[in-house]
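Tertiary structure, described
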Amino acid sequence: MADTEESPVDPESKTRFSLDNWIKSDSAMRAADLLAGAIAIALVFWWLQFSTRAICCGDFDGYYHIN
């Protein structure tokens with residue numbers, strides 16, 4: 001009978017190999033695109049929120065006109 005014992009695999013190298021494969025995959029590119037888009041949207045919202053003290057026209061009457 002043949003010896004069916006598996007060779008020991010270093011868990012760290014297996015994890016690294018899987019991580020390297022994932023980084024090169026399409027799902028990693030989609031995740032990076034999603035992250036970049038979320039950061040861009042957050043920056044636009046932040047800029048809009050803090051670009052002026054009032055919503056419209058430099059006074060607080062803008063809150064009334066939103067309703």
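Counting from 1, residues in each chain are numbered in the order their sequence is written. Under the rules for a predicted model, residues below a pLDDT of 70 receive no local features and side-chain atom pairs below 80 are neither given nor counted, while totals for whole chains, interfaces and linings still include all residues. Only heavy atoms go into the side-chain values, all of them from the structure, while hydrogens and water stay out.

Describing the overall build of the chain
Along the backbone of the chain there are three helices and zero strands. Across the 67 residues in the chain, those meeting the buried criterion constitute 6%. Accessible surface, the chain as shown: approximately 6700 Å² in total, 63% of it carbon and sulfur. For helices the rule is a DSSP run of H or I covering at least 4 residues; for strands it is a run of E covering at least 2, with both sets numbered from the N terminus onward. Residue exposure (1.4 Å probe, protein chains only): buried if accessible area is under 20% of the type maximum, exposed if over 50%, otherwise partly exposed. Calculation of accessible area relied on Shrake-Rupley with a 1.4 Å probe; when residues are assessed, cover is drawn exclusively from the protein chains displayed.

A short note on a nonpolar patch on the surface
Residues form patches when they are more than 30% accessible in relative terms and have no salt bridge. Like charges link within 9 Å. Nonpolar side chains (Val, Leu, Ile, Met, Phe, Trp, Tyr) link within 5 Å. Within this document, salt bridges are pairs made up of a side-chain nitrogen of Lys or Arg and a carboxyl oxygen of Asp or Glu, the two lying within 4 Å of each other. A cluster of nonpolar residues, Ile41, Val44, Phe45, Trp46, Trp47, Leu48 and Phe50, forms a patch on the protein surface that exposes about 860 Å² of accessible area. Following the sequence through the fold, Ile41 ends up in helix α2 (residues 26–50).

A word on the environment of Trp22
Along the chain, Trp22 turns up in helix α1 (residues 11–23). The class for Trp22 is partly exposed, based on a relative accessible area of 44%. In contact with Trp22, not counting residues within four places along its chain, are Ser27 and Ala28. Contacts are residue-level and defined by heavy atoms, with any inter-residue pair within 4.5 Å sufficient.

Some remarks on the confidence of the model for the chain
Every residue is assigned a pLDDT by the predictor, reflecting its confidence on a scale from 0 to 100. Overall, the predicted model of the chain reaches an average pLDDT of 75, with 54% of residues at or above 70. Mean pLDDT in the chain bottoms out at helix α3 (residues 62–66), which sits at 66, and peaks at α2, which reaches 92.

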